[in-house]
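Reading the structure
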Amino acid sequence: MKTLAIDTSTFTLSIGIADGDVIVAEQVTNLKKNHSIRVMPAIQALMEEVELKPSDLEKIIVANGPGSYTGVRIGVTIAKTLAWTLNIPIAAVSGLASLAASAPVIDGLVCPMFDARRGQVFTGLYRLSNGVVETIIEDRNVLVTDWCDELLQRGETVLFVGQESILHEPVIAEKMGDVAVFAGKAVPYTRPAALLALGSETSSNPAEVVPNYARLAEAEVKWMEANEKKAKGDE
Amino acid sequence: MKKDTYIFGIETSCDETAAAIVKNGTEIVANVVSSQIESHKRFGGVVPEIASRHHVEQIIAVFQETLEQAGLTFKDMDAIAVTKGPGLVGALLIGVNAAKAIAFAHQLPLIGVHHIAGHIYANRLVKEMAFPLLSLVVSGGHTEIVYMAEHGSFKVIGETRDDAAGEAYDKVARTLHLPYPGGPHIDRLAAAGEDTYGLPRVRLEEGSYDFSFSGLKSAVINTVHNAQQRGEELVPENLAASFQASVVEVLTEKTIRAAKEYCVEQVLLAGGVAANEGLRASLEKAFSDMPATELVIPPLSLCTDNAAMIAAAGTILFEQGKKDGMDMNGHPGLDIETF
Ligand SMILES: [Zn+2]
C-alpha cells in the first residue's frame, strides 16, 4: 500500500510517503512560509524523488486539525481532492494525536500542544504505551490555566510536546510543578512517520472528510452571544 | 478537424462553491453552483471564515455532480481552470488547492483565472465575442468598464473610486431594513415605485468613466434620517426607485459614452448586479438607438458567480498557452490588466 501523508495544520509542513510498513520518505520544513504556495510543489518533488506517479498512490492520510484554520483547510482540501479523484481511501487523523505519537515515550501521558493565542491552546491528552496511542481527553481549545487544573487531577506525570508548548512552559511549570515534563525542543513537530502510522488503521469517504477546528468561527460566537443577550432582554 | 477542448472550471472566490465543464470555450457541458447564501443571511453579509468552511465541506460533492452531469471524467479534460483572484483569500485557497490536486493527479495544465475576466467571458457562453468590445462589470465588489481589443486583453477605462454598485445596494437595503442580500429586494421595490426623491447623479469630472456611489448612499441615509426627525413617513418603493434610477442612469450614460468613443462592436454586461432588471431595461432602451453596437446580456444564472465563466475564460488562456505552476497562490487583490 503506497501512502502519502500530509500535515499543514501548523506552520510546519510535514509530508511522508510509505510503502506498506516501510517509511520511504519523510520531509519536514519548519518555516513560517505560505503553505498554499509550497505544499503541492513539495509533494510533487518528494514523489519524483521516490519515483512514484500520482496514479501509484493507494491511500492518503491527512491531519485534519485542530490548528491554523487556513493551514488545516489547505491540507484537507488537497488530501480529499487527491483521494477522491484518484479513487483511493483517505484517513483523517488528529494533528495533535500525531504530534503525541511523535514522542519517544514507551509508556505514559503525553500532552501535545499548539498555541491558539490569548492564553489559549489547542491540546488533548494521550497515553502512549508500546507504540499504541490512546486518546484520554479529546482535542479541544482551552485556556492553558484551565487545562493545567484538569491535568493535575490525573495525579500523573505529563510530558508536554510540540514547539509551541514552549511558549506556555512558564505558566504550566508554575501551575503543575514536578508532574509537568517538557520535551518541546526534542519533539518540536509532528513526524510524518507518526502520521502514517496513525492513519494506517482507518479510512473514510473523501467527500466526508472535514476539518476539526475545535472551535466555532468568531462570527458564530458573536452571533450566539448577541442572541443570548436578546433572549435575556426579552424576558 | 480540430479536436474539441474541454476545460474543467472551479470558482470559490466568495460564497458560491462552483464547478463546470465548458467545451471549446462557448458551450456549457455541466454547470454546478452550491450557494451558501442561507448560511450568511443571519450575519447580514458574507463572513469569510464561514465561507471557507463551507467551501471545504462542499467542494467534492460539487465536483462529483459536475462530472456526473457531463458524463465525462478528468481523462476527457484538457486543463483545470480556477479563480485565483480577486476575492476572499481563504475562500480562493480552497479552489486553488483543489485545482492543483486534480491537475497533479491527472497531469493536466493548471490555469489561474481572474474572477472579473470570468464574469466578462460568461457572455461568450451566450454569444460569440466581437472585438473591440466593452464590458460593464457590476457586482458586489466591482464597478468597472473594461475595454477588450482582443481575446485575453483587458484594459480598465473606468472604475469605482469608493463603493462598488453592489455594496451601495447592500448598504441602502440595510438602511431600508431589507433582508440580505439587498440588491434583488431594492430592484423589486423600485419596480413598484417612482423616482420622486431627487437623489444626486454623481458623474465626476468631465470625460471620466470612473464611478462614485458613496455620496449617493449617504444621500439615501440622510433622507431616511431627516424623515425620521420630522416624523414623516417614507415611501420605501419610491426611495428604492430613486436610488436605483440614480445608479442606473450613471451606469448607462457612461457605458453609452464609452461605447461611442471606443467605437466598439459589442457591449457586454457582466457581474452579479447584471441580474438587476432596472439596469437591464435601461441599457436595452439606450442601445436600441445604437444598432451598430450589439448589447449582450447573459441570463441571470450566468451573471452571478459560477464556474462556467471561469472555464470559458480559462479556455482562451489555454489556447494562448498560458499556464500556472503548482506554486500558484490565491490573490485577493489580483489586477485584471496584468494577471
Ligand atoms: Zn463575482
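The rules behind each value
Residues numbered from 1 in each chain as written. Chains lettered and ligands numbered in written order. Predicted model: local features only at pLDDT ≥ 70, side-chain atom pairs only at ≥ 80, totals over all residues. Heavy atoms only, no water. Helix = DSSP H or I, 4+ residues; strand = E, 2+ residues; numbered from the N terminus. Rg over C-alpha atoms; globule rule 2.2 N^0.38 Å. Buried < 20%, exposed > 50% of the residue type's maximum accessible area, 1.4 Å probe, protein only. Contact = heavy atoms within 4.5 Å. Lys, Arg positive; Asp, Glu negative; His and termini not counted. Charge placed at Lys NZ, Arg CZ, Asp CG, Glu CD. Expected span 1.5 Å × (residues − 1). Domains from an automatic or database assignment. Buried area = accessible area lost by both parts, 1.4 Å probe. Salt bridge = Lys/Arg side-chain N within 4 Å of Asp/Glu carboxyl O. Polar contact = N/O pair within 3.5 Å; in protein donor to acceptor, adjacent residues only side chain to side chain. Nonpolar A, V, L, I, M, F, W, Y, C, P; charged D, E, K, R; others polar. UniProt positions renumbered as here; feature names shortened; annotations may be inferred. Axes fitted to C-alpha atoms, helices over the stretch in contact; angles between N-to-C directions. Left-handed = near helix turned anticlockwise from the far one by under 90°.

1. Here's the deal with the overall build of chain B
Check the secondary structure of chain B and you find 11 helices and 10 strands. For chain B, whose C-alpha radius of gyration is 20 Å, the value lies close to the compact-globule estimate of 20 Å for 339 residues. Counting across all 339 residues of chain B, residues that qualify as buried make up 58%. Long-range contacts, defined as pairs at least 24 residues apart, comprise 74% of the intrachain contacts of chain B with a sequence gap of at least 6. Mean positive and mean negative side-chain charge positions of chain B (27 and 43 charges, respectively) differ by 2 Å.

2. Observations concerning helix H1 (residues 35-49) of chain A
Since the α-helix turns once every 3.6 residues, residues separated by three or four places project in the same direction. Its 15 residues place the ends of H1(A) 20 Å apart at the C-alpha level, agreeing with the 21 Å of an ideal helix rising 1.5 Å per residue. Buried within H1(A) are the following residues: A:His35, A:Ser36, A:Arg38, A:Val39, A:Met40, A:Ala42, A:Ile43, A:Leu46 and A:Met47. Considering only its buried residues, H1(A) is in contact with strand S1 (2-7), strand S2 (13-19), strand S3 (22-29) and helix H2 (69-86) of chain A together with helix H3 (89-106) of chain B.

3. Section: the domain arrangement of chain A
All names here are of chain A. As far as domains go, chain A holds domain 1 (2-94 + 189-218) and domain 2 (96-182). Of note, the centres of domain 1 and domain 2, computed from C-alpha atoms alone, are 23 Å apart. Taken together, the contact pairs 20 residues of domain 1 with 17 residues of domain 2. Summing the contributions of domain 1 and of domain 2, the shared interface buries around 1400 Å²; its carbon and sulfur component is 55%. There are 0 salt bridges connecting domain 1 and domain 2. If you look at where domain 1 meets domain 2, you find 9 residue pairs in polar contact (both at pLDDT 80 or more). Taken together, the residues that form the side of domain 1 that touches domain 2 break down as 9 nonpolar, 9 polar and 2 charged.

4. A look at the UniProt feature "domain: Gcp-like" (unreviewed entry) in chain B
The UniProt record annotates "domain: Gcp-like" (unreviewed entry) at residues 27-311 of chain B. Structurally, residues 27-311 of chain B is divided into 47% helix and 16% strand, and its ends, taken at the C-alpha atoms, are 10 Å apart.

5. Remarks on the UniProt feature "domain: Gcp-like" (unreviewed entry) in chain A
Annotation from UniProt places "domain: Gcp-like" (unreviewed entry) at residues 30-200 of chain A. For residues 30-200 of chain A, the helix share is 37%, the strand share is 27%, and the end-to-end C-alpha distance is 25 Å.

6. What to know about the packing of H1(A) against H2(A)
Two numbers describe a pair of packed helices, the interaxial angle and the distance between the axes. Residues and elements named next belong to chain A. Two elements in contact, H1 and H2, have axes whose closest approach is 10 Å; the angle formed by their N-to-C orientations is 35°. Here H1 and H2 pass one another in a crossing that is right-handed. Across the interface between the two elements, His-35, Ser-36, Val-39, Met-40 and Ile-43 from H1 touch Gly-71, Ile-74 and Ile-78 from H2. Partitioned by chemical class, the residues of the contact of H1 with H2 number 5 nonpolar, 3 polar and no charged.

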